[in-house]
Structures are given as C-alpha cells and as structure tokens.
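Next come the chains, spelled out residue by residue.
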Amino acid sequence: MSQSFSLYIPTNSGMHRLHPLTKLALVFLCLVLGLFLPGVWLSYATFALIIIPSALWGGVLPRLLSALFKTALPIALSLFLIQGLFWPGGTPILHLGPLSFKEEGLYFSIQRTGRFIMIIGSFLLLTFTTRPDELMLALNRHGIPNSITYIILSTMQIIPRFQAKANTILDAQRSRGLETEGNVLVRIRALLPLIQPLLLGSIVDIDERAIALEVRAFGRKGPRTSLLTLHDTPAQRIARWLMLLAAVAVIAWGIYLWLAPRFIA
Amino acid sequence: MERLKRDFSTISLVMIPVAIAINIVIGTIVYALKLPLYLDSIGTVFAGAVAGPWVGALTGALTNIIWGLSGINPGYTPYWPVAAIIGLLAGIFSGIGWFKSWWKAIIAGLITGLVAAFVSGPITTYIAGGVTGSGTDVVVAVFRNAGWGLLPSTWAQGAISDPFDKAASFLIVWVVIRALPLRFLDRFSRAEDVR
Amino acid sequence: MIRLADVTYRYPRATVPALDGLSFEVSTGQFCAVIGANGAGKTTLCSALAGFVPQFYRGTITGSIEVAGLNVVESPLADIAGTVGLVFSNPFNQITGARFTVRDEIAFGLENMAVPVAEMEPRIEEIMRFAGLEGLADRSPFALSGGQQQRLAIASVLVMRPKVVVLDEPTSQLDPVGAKEVFSVLRSLATTAETTVFMAEQKLEWVAAFADRVLVLHQGKLVADGPPGEVLASPDLGRYGLQPTRYTQVARAAQLAGLRSADTPLPVTLEQAVEFFN
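Residues numbered from 1 in each chain as written. Chains lettered and ligands numbered in written order. Predicted model: local features only at pLDDT ≥ 70, side-chain atom pairs only at ≥ 80, totals over all residues. Heavy atoms only, no water.

Draft legend 1. Spatial organisation of the overall build of chain C. Along chain C, the regular secondary structure elements total 12 helices and 10 strands. What you see for chain C is a C-alpha radius of gyration of 20 Å, in line with the 19 Å of a compact globule of 278 residues. Summarising its shape, the C-alpha atoms of chain C cover approximately 65 × 45 × 30 Å along the three principal directions. About 11200 Å² of surface is accessible on chain C, with carbon and sulfur atoms providing 52% of the total. (Helix = DSSP H or I, 4+ residues; strand = E, 2+ residues; numbered from the N terminus. Rg over C-alpha atoms; globule rule 2.2 N^0.38 Å. Areas by Shrake-Rupley, 256 points an atom, 1.4 Å probe, with all protein chains shown as cover.)

Draft legend 2. Up close: the interface of chain B and chain C. At the junction of the two partners, chain B supplies 5 residues and chain C supplies 4 residues. Buried area between chain B and chain C, summed over both chains or domains, comes out near 470 Å², and the portion from carbon and sulfur atoms is 42%. In terms of surface lost to chain C, no three residues of chain B exceed L182, D186 and R187 of chain B, which account for 79% of the buried area on that side. At the surface where chain B touches chain C, the tally comes to 1 salt bridge. Salt-bridge contacts for D186 of chain B lead to R13 of chain C; the nearest nitrogen and oxygen are separated by 2.7 Å. Our count for the contact surface shared by chain B and chain C stands at 2 residue pairs in polar contact (both at pLDDT 80 or more). In the side of chain B that touches chain C, the residues fall into 2 nonpolar, no polar and 3 charged. (Contact = heavy atoms within 4.5 Å. Buried area = accessible area lost by both parts, 1.4 Å probe. Salt bridge = Lys/Arg side-chain N within 4 Å of Asp/Glu carboxyl O. Polar contact = N/O pair within 3.5 Å; in protein donor to acceptor, adjacent residues only side chain to side chain. Nonpolar A, V, L, I, M, F, W, Y, C, P; charged D, E, K, R; others polar.)

Draft legend 3. Inspection of the sheet that holds strand 2 (residues 19-26) of chain C at higher detail. All names here are of chain C. Here we have 4 strands laid out as an open sheet, ordered 2-1-4-5, and antiparallel in their pairing. Strands at the two margins of the open sheet, each flanked by one partner only, are strand 2 and strand 5 (70-71). When strand 4 (residues 60-67) meets strand 5, the two strands line up antiparallel, connected through 2 bridges. Bridging across to strand 5, V67 finds its partner in L70. Lying over the sheet, helix 1 (residues 42-49) contacts strand 1 (2-10), strand 2 and strand 4, oriented at roughly 60° with respect to strand 2. (Pairing = 2+ DSSP bridges. Axes fitted to C-alpha atoms, helices over the stretch in contact; angles between N-to-C directions.)

Draft legend 4. Expanded view of the packing of aromatic side chains. One pass over the structure, following the stated rule, counts 20 aromatic pairs over all chains. Relative to F108 of chain C, the ring of F218 of chain A has its centre 6.0 Å away and its plane inclined at 15°; by these criteria the two rings are stacked. On the criterion of chain membership, the pair formed by F218 of chain A in the loop between helix 8 (184-215) and helix 9 (234-264) and F108 of chain C in helix 5 (residues 102-112) is interchain, its members lying in two chains. By relative accessible area, which is 6% here, F218 of chain A ends up buried. Three or more aromatic residues joined by ring pairs form one cluster here, namely Y9, Y11, F52, F56 and Y57 of chain C. The lysine or arginine in question, K165 of chain A, covers the ring of F162 of chain A, its NZ or CZ lying 5.3 Å from the ring centre. (Phe/Tyr/Trp six-rings, centres within 6.5 Å; stacked < 30°, edge-to-face > 60°. Buried < 20%, exposed > 50% of the residue type's maximum accessible area, 1.4 Å probe, protein only. Lys NZ or Arg CZ within 6 Å of the ring centre and 35° of its normal.)

Draft legend 5. Highlighting the sheet that holds strand 7 (residues 164-168) of chain C. All names here are of chain C. With respect to topology, 6 strands assemble into an open sheet ordered 6-7-8-3-9-10, the strand pairing being mixed. Each edge of the open sheet carries a strand with a single partner, namely strand 6 (84-87) and strand 10 (221-226). Averaged over all pairs of adjacent strands, the angle between their axes in this sheet comes to 15°, without regard to strand direction. Pairing between strand 7 and strand 8 (residues 196-200): 5 bridges, direction parallel. Note on strand 8: the bridge partner recorded for V165 is V197. Here helix 1 sits on the sheet in contact with strand 3 (31-35), strand 6, strand 7, strand 8 and strand 9 (213-218), set at roughly 155° to strand 7.

Draft legend 6. Structural context of the interface of chain A and chain B. Tallying the contact residues gives 57 residues for chain A and 60 residues for chain B. Contact between chain A and chain B buries roughly 5400 Å² in total, counting both sides, with carbon and sulfur atoms accounting for 80%. Applying the counting criterion to the chain A and chain B interface returns 1 salt bridge. The closest approach of N and O atoms between R187 of chain B and D207 of chain A, which form a salt bridge, is 2.7 Å. Between chain A and chain B we count 11 residue pairs in polar contact (both at pLDDT 80 or more) in total. Of all the elements, helix 8 of chain A adds the most residues to the side of chain A that touches chain B, at 19 residues. The residue makeup of the side of chain A that touches chain B, split by class, is 39 nonpolar, 12 polar and 6 charged.

Draft legend 7. Broad picture of the nonpolar core. Core analysis: the biggest nonpolar cluster contains 234 residues, and M15 and F46 of chain B together with I106 and F198 of chain C have the highest contact counts within it. When residues in this core are grouped by element, the largest group, 15 residues, is from helix 2 (residues 10-32) of chain B. Domain assignment of the residues forming this core places at least three in each of domain 1 (14-138 + 233-264) and domain 2 (145-215) of chain A. What M15 of chain B contacts, discounting residues up to four positions off in sequence, is I206 of chain A together with F46, A47, V50, A51, V55 and F188 of chain B. (Core = buried A, V, L, I, M, F, W, Y, C linked by side-chain atoms within 4.5 Å. Domains from an automatic or database assignment.)

Draft legend 8. Focus on unusual backbone geometry. Look at the link from V53 of chain C to P54 of chain C: it is a cis peptide, with omega at 5°. Residue placement: P54 of chain C occurs in helix 2 (residues 52-55). Of note, the phi angle at A217 of chain A is positive, near 65°, even though the residue is not glycine. Tracing the sequence through the fold places A217 of chain A in the loop between helix 8 and helix 9. On the basis of relative accessibility, which here comes to 0%, the residue A217 of chain A falls in the buried class. Here Q219 of chain C, not a glycine, exhibits a phi torsion of approximately 50°, which is positive. Within the fold, Q219 of chain C resides in the loop between strand 9 and strand 10.

Draft legend 9. Layout of the pairing of strand 1 of chain C. Residues and elements named next belong to chain C. Relative to strand 2, strand 1 is paired through 5 bridges, and the arrangement is antiparallel. Bridge pairing links Y9 to L19 in strand 2. The pairing of strand 1 with strand 4 spans 7 bridges and is classified as antiparallel. When the sheet's bridge partners are listed, T8 is paired in strand 4 with T62.

Draft legend 10. Main features of the environment of A172 of chain A. Residues and elements named next belong to chain A. You can see A172 is positioned in helix 7 (residues 146-175). We classify A172 as partly exposed; its relative accessible area is 30%. For the pair A172 and L194, spaced 22 residues apart in sequence, the C-alpha separation works out to 9.9 Å.

Draft legend 11. Representation of the packing of helix 6 (residues 102-128) of chain B against helix 8 (residues 150-179) of chain B. Residues and elements named next belong to chain B. Between helix 6 and helix 8, whose axes approach to 6 Å, the crossing angle comes to 145°. Once helix 6 is placed against helix 8, the crossing between them reads as right-handed. When the residues that make up the contact of helix 6 with helix 8 are grouped by side-chain class, the tally is 20 nonpolar, 9 polar and 2 charged. (Left-handed = near helix turned anticlockwise from the far one by under 90°.)

Draft legend 12. Inspection of helix 7 (residues 137-145) of chain B at higher detail. Residue and element names in this part refer to chain B. Residues of helix 7 that are buried: D137, V140, A141 and R144. Down the axis of helix 7, the buried set is contained in an arc of 100°. They therefore lie on one face. Turned more than 90 degrees off the buried face of helix 7, the exposed positions are V138 and V142. Positive phi shows up at G147, right after helix 7, with a value of about 90°. (Arc of directions from axis to C-beta.)

Draft legend 13. Looking closely at a nonpolar patch on the surface. All names here are of chain A. A cluster of nonpolar side chains, contributed by F36, I255, W258, L259 and F263, occupies part of the molecular surface with about 530 Å² of accessible area. The element that contributes the greatest number of residues to the nonpolar patch is helix 9, accounting for 4 residues. Here W258 lies in helix 9. (Patch = residues over 30% accessible without salt bridge, like charges linked within 9 Å, V, L, I, M, F, W, Y side chains within 5 Å.)

Without other data, these values stay purely geometric and don't point to any function.
Shown next, in the form of structure tokens:
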C-alpha cells in the first residue's frame with residue numbers, strides 16, 4: 001500500500017530538483033495555454049513542445065502518457081460521438097447509415113480534447129515530479145496559511161488508511177454473507193452498513209487527533225521554522241517571472257481575439 | 001469574524017481531512033459498486049452541517065483539488081467550485097435548521113443538487129465539451145439531437161442526475177448526525193443547529 | 001512540579017463529577033503513576049494536567065491546577081504546549097499526518113515553536129537515540145510498527161523539552177518488550193533530566209517496578225497515595241476494582257497459609273518476591 005494518496009514518483013531528475021514554485025508556474029502557463037489559445041491545433045502543439053519534453057526530463061513520460069490516456073480516452077470518445085454526430089444544423093462530412101459526422105462537431109471535439117489533455121497533462125506533470133510536502137512548504141512561504149497546508153498534507157496520508165479500513169469492513173461483511181454484487185438494490189444495501197462504521201469511527205477519532213496537534217503547539221501564533229529546505233536559484237526566479245508574464249500575455253491575446261470581432265466589425 | 005474563528009477551530013481543521021477522506025473513499029467504493037450515484041460529497045455535507053458554510057465550502061473545494069492533483073482523478077479538479085457550493089449550501093441549510101428533520105434534509109439535498117448541476121454545466125461545457133465520459137452522456141446526446149444548445153443540454157443532464165444524488169447524501173448525513181453521541185457532536189461549532 | 005487544590009470537574013451534560021475534590025502535589029523529577037479501574041477518572045485527570053479539561057472538553061471546573069508554574073485551567077493551550085507534554089494510547093491518532101518522514105514528524109512541534117533549524121537537528125538526533133528510533137529517520141511514520149509509532153509519539157513530545165510529561169496508558173497497545181522500553185525511557189527521563197513524569201497505567205507490575213509514587217483514583221476521588229510498595233500491597237486495592245500484582249497475590253496466599261509471617265511487608269515486584277520467599 002502506498003503511504004500517501006499521491007502519484008508522486010520519487011526519482012532524482014533535474015525536473016524533480018526544480019523549486020516547487022517553478023513547476024507550479026510552468027503548470028499555470030500550461031493551463032493558460034490550454035484554456036486561452038485560439039484555434040484547434042495550438043494546444044496539441046504546446047503539449048508536444050512543453051509537456052512531453054518536461055515529462056521526458058523528469059523521467060515520467062510513459063507514466064504520464066498512460067495516466068493521461070486513461071483519463072482522456074472516455075471523454076474524447078464521448079465527445080466525438082455526441083458532439084460529432086449530434087451537432088445541431090452541422091455540415092455532414094461522413095455518413096454512417098442514418099447518422100452523420102458533422103464538420104463543426106468534429107472540429108469542436110478536436111479542440112476540446114486538446115484543451116482537456118493540456119489541463120490534465122500539466123496537473124499530472126506537477127504531481128509526478130513534486131514532493132507534496134515541498135510544494136506545501138513553498139506555498140506556505142508565499143502566504144498560504146499553515147492550516148490549509150496541514151489539511152492538504154494530512155488528507156493525503158489519511159486516505160490510504162481509510163481505504164484500508166473500508167476494505168476491512170467490506171471483507172468482514174462479505175464473510176458474513178453480505179452481497180456486494182447483483183442488482184442495484186442489493187448493491188445499495190451493501191453500502192449502508194459500510195458507511196455507518198466508517199463515518200462514525202473516524203468522527204470519534206477527531207477528538208484525539210485535535211488534542212495531539214495542540215500538544216505539538218499547532219495552535220501557536222507567530223512565525224514558524226521548517227526542517228525541510230527548498231533549493232532555489234536566481235535563474236529559476238527569473239524563469240518564474242517570465243512564465244507568469246507569458247501567461248498574462250496569452251490571456252490578453254485570447255481576450256483580444258475574442259473581443260476584436262465584436263467591436264471592430 | 002468571531003463566528004468564523006470558532007468555525008475554523010482545531011477540531012474543524014482535523015475534521016476537514018477526515019471529511020475529504022470520507023468523500024474520496026466512499027466515492028471510490030460507490031464507483032466500484034457501479035451504482036447510479038456518486039455519493040462523493042457525504043463528508044462535505046457533514047462538514048458544512050456541523051461547522052458552517054465556510055468550512056463546508058473549503059472541504060468541498062479541497063476534495064476536488066486533492067482528488068485531481070493526486071493524479072488519480074485529474075478530471076475532478078476543475079469542478080472545485082461546484083463542490084465548494086455544495087458545502088456552502090449544506091452549511092446554510094444547517095443554519096436554518098433543515099438537518100433537524102429527515103424530509104427537510106432531503107429537500108435541501110434536492111435544491112443543492114439543482115444548484116450543483118447549474119454551476120457544473122459551464123465547466124463541463126468549456127473544459128470537456130459538455131461530456132463527462134460516463135453513461136449519463138447519453139442524455140446530452142438526446143438533447144443535442146433535439147436541437148438544444150450545448151450548455152442547456154449539459155444542464156439537462158446534470159439536472160436529471162444531481163438532485164437525486166445530493167438528496168441521498170443529505171439523508172445519509174442526517175442519519176449519521178442522529179447516530180453520533182452528543183458529546184462528540186458538541187465539539188463542533190454548529191452542533192446546536194443540527195440536533 | 002504539579003499542584004492540585006480541591007479540583008472538581010464535570011463534563012458537559014454530566015451529573016456526576018469526573019474529578020471529585022482532588023488535592024495533591026508532585027515534585028519535580030518524580031515518576032508518579034495513577035491507577036484506578038476504568039472510569040475512575042484517570043484520563044480526565046491527565047487531560048486536566050495538560051489543560052484540555054476544561055479548555056477543550058468544556059464542562060465546569062472548580063479548584064486550581066498548577067503545572068510547572070502555569071495555571072493550566074486558564075493559560076492558552078498554545079502556551080501550555082511545550083511546557084506540559086501529553087501522550088495517549090492510540091499511536092495512530094497522535095501522528096500529525098502532515099509530515100512524510102519520522103524526522104519531519106519529530107520536528108513538527110519544534111517548527112511550530114519556531115526553533116531554529118541549527119538547534120533542531122541535534123535535538124532530533126538526540127531524542128531519536130533516546131527513544132530507540134535510530135535508522136528510521138527517513139521512513140514514513142505510517143510504515144512503522146505500533147511500538148515504534150508510540151515511541152515516535154513520545155519522542156515527538158519529549159523533543160519539545162517539556163518540564164512535565166503526562167502519559168495516559170501509553171503502553172496499552174504495546175507488547176511487553178515495547179512496554180518495557182517505554183518505561184525505561186521514562187524512568188531515565190525522570191532520573192537524569194529532572195522531568196516530572198505523570199502516568200496513568202493499568203499494568204501494576206510495571207508501575208511497581210518503575211514509579212516513585214502511586215496515586216489511586218476511585219470514582220473521581222483520590223483514595224490512596226504513597227510509594228508503590230505500600231499502595232500496591234494494600235488489602236484495599238480490591239475495593240477499587242484493582243487486582244494486586246501476582247507477586248503480592250502469591251505472597252499473601254503464603255501468609256494466609258501460614259508459610260510466611262504476617263508481619264513481613266508484602267512484595268510488589270519480582271525482586272521483592274524473591275527476597276520475600278528467601
């Protein structure tokens with residue numbers, strides 16, 4: 001069982017060693033590119049030019065592509081079938097019996113699939129190459145409150161414990177003859193005796209966990225120190241600002257392209 | 001402000017990860033059991049009910065952000081505003097005492113489901129072209145074929161599946177609040193609103 | 001140094017007090033154990049010494065509690081942390097979850113107290129050796145055994161150098177080997193580091209072997225107080241729902257059977273029993 005709820009891959013690549021904020025800025029730029037670039041093909045181009053080389057540098061390309069494929073495939077299939085076939089008033093370009101693929105629907109589907117893989121790909125890149133505690137420390141240093149980073153980190157470590165607990169309860173119920181397969185009603189009935197102990201048991205633990213935190217001075221106000229250290233370089237600091245500037249420029253360009261036809265015409 | 005500070009006590013900060021874990025673990029099991037529900041916001045609704053709208057909203061938002069950024073379900077992250085609104089509404093309904101009876105909890109769930117569908121529509125449309133990659137996409141196909149616009153078709157899909165799911169989640173939270181010993185419930189800032 | 005004066009406490013919605021008119025003092029560097037049946041008030045007393053009764057559990061309290069110079073009834077919990085350490089039995093609930101390695105978990109309290117990193121590192125090294133956690137620094141806290149996790153919980157509190165350490169049945173989920181390690185650590189802490197150790201415990205054999213002093217709680221009241229040899233050999237123990245150690249039981253049987261003189265003090269540890277029967 002993994003110790004934390006994260007797909008972080010601990011290797012020692014140059015990408016891994018980057019300051020977490022540098023990677024966050026890169027992901028932000030990718031998100032902006034995915035969401036604001038006009039046309040159909042530009043998001044595929046930026047995916048090939050930014051995400052693939054970065055993943056390759058981090059040594060996570062095969063894992064990234066397979067995770068991306070698993071997430072994007074059902075969406076892409078649905079998109080092409082539904083928007084491709086049922087685009088109201090579209091121009092038919094390929095007939096399949098009584099149905100036909102519409103040109104506008106296909107263009108739309110290609111564009112949205114590109115947008116989707118840019119967004120998901122950049123999330124995965126960050127996850128695979130960044131230690132969660134380092135990312136949270138970096139955010140903490142830049143104004144994200146301690147309470148938020150505590151919540152995120154402890155959630156990531158509690159989930160595997162919960163999953164184990166849920167599996168234990170499920171197994172116990174199966175061994176007592178409770179069906180977990182069959183029609184919908186049977187499956188719903190299997191769920192209820194699982195939810196109750198899981199919820200009540202964990203809510204009762206909250207008390208002790210809160211006390212344990214207070215004992216460790218969690219509620220203390222004022223500055224804190226950190227044993228974990230982050231490595232930053234002037235070059236990375238400049239790169240972060242450049243990426244942010246680029247992102248702003250892309251947003252401005254996207255807005256201009258969107259507004260221009262409405263006003264100039 | 002004073003109220004907000006009490007809502008975000010250490011107890012709440014410890015409860016939020018537990019609530020998020022409940023969302024994700026039960027959501028995963030429900031998905032594995034192939035039920036026609038999500039039930040991935042039970043923890044969010046509980047957090048909102050016992051610790052107020054802002055704790056609920058934070059629980060919801062972080063559920064989707066963590067679920068997505070863990071790399072396990074990356075498609076969930078963009079929906080964080082929807083999850084936040086579910087927690088916010090749970091907190092508001094708790095504030096007006098709707099968690100005190102089972103049928104009010106169900107109505108609150110139905111309303112929350114409609115609002116959730118309304119907010120998630122534009123996100124689904126903009127990011128994934130109106131589909132979710134699941135069985136309910138058939139609904140979108142039907143409405144598109146009938147000549148409906150992209151956003152209305154997505155809304156129709158959500159309005160059919162979401163209220164039922166949220167009503168079930170609110171009802172489960174009502175049951176849990178009944179079953180919880182008072183001395184634990186008392187620790188939360190909004191205990192008097194729910195029982 | 002711990003000083004209680006006429007402390008009575010009721011949980012919210014409770015009619016019977018959980019602590020009833022408690023007054024006692026524990027001096028610096030003493031290893032004091034509190035024993036009693038389930039529901040006698042041991043856990044409540046431990047929580048009160050660290051300020052969680054009444055500040056966390058609410059309810060009503062009268063009387064005064066002073067621990068290491070702090071009025072723990074009123075001082076903010078954040079000020080009590082670091083001066084009074086609290087450890088309880090479930091190791092899983094004591095792991096913060098916010099740190100990914102054993103070293104970072106131990107550092108958590110120091111980070112919150114803004115201890116400089118240069119000072120933190122030797123303190124963490126020292127406490128890991130003290131608690132027998134060498135070689136585990138880079139492991140996930142969740143990958144440790146129950147006994148290791150409990151020693152981690154104790155180390156995480158001790159590294160903050162509290163003047164008083166309060167432990168609520170810290171060994172109840174440990175095997176005998178793990179329990180003995182924990183007791184040895186606490187014994188040397190009290191002896192060498194001038195730290196006051198206050199511990200609620202069910203295992204009377206361990207209490208007899210390690211504690212300087214034993215308090216007995218019964219229905220929230222202090223009913224006995226003295227050195228282990230005296231308190232644990234007392235014939236009253238049964239009245240409070242407690243069972244004497246097997247050494248005491250065997251020796252008492254020997255006295256009743258006329259095998260040993262009724263005047264000889266009853267043994268409470270193995271060593272004393274050996275002496276008793278020689």
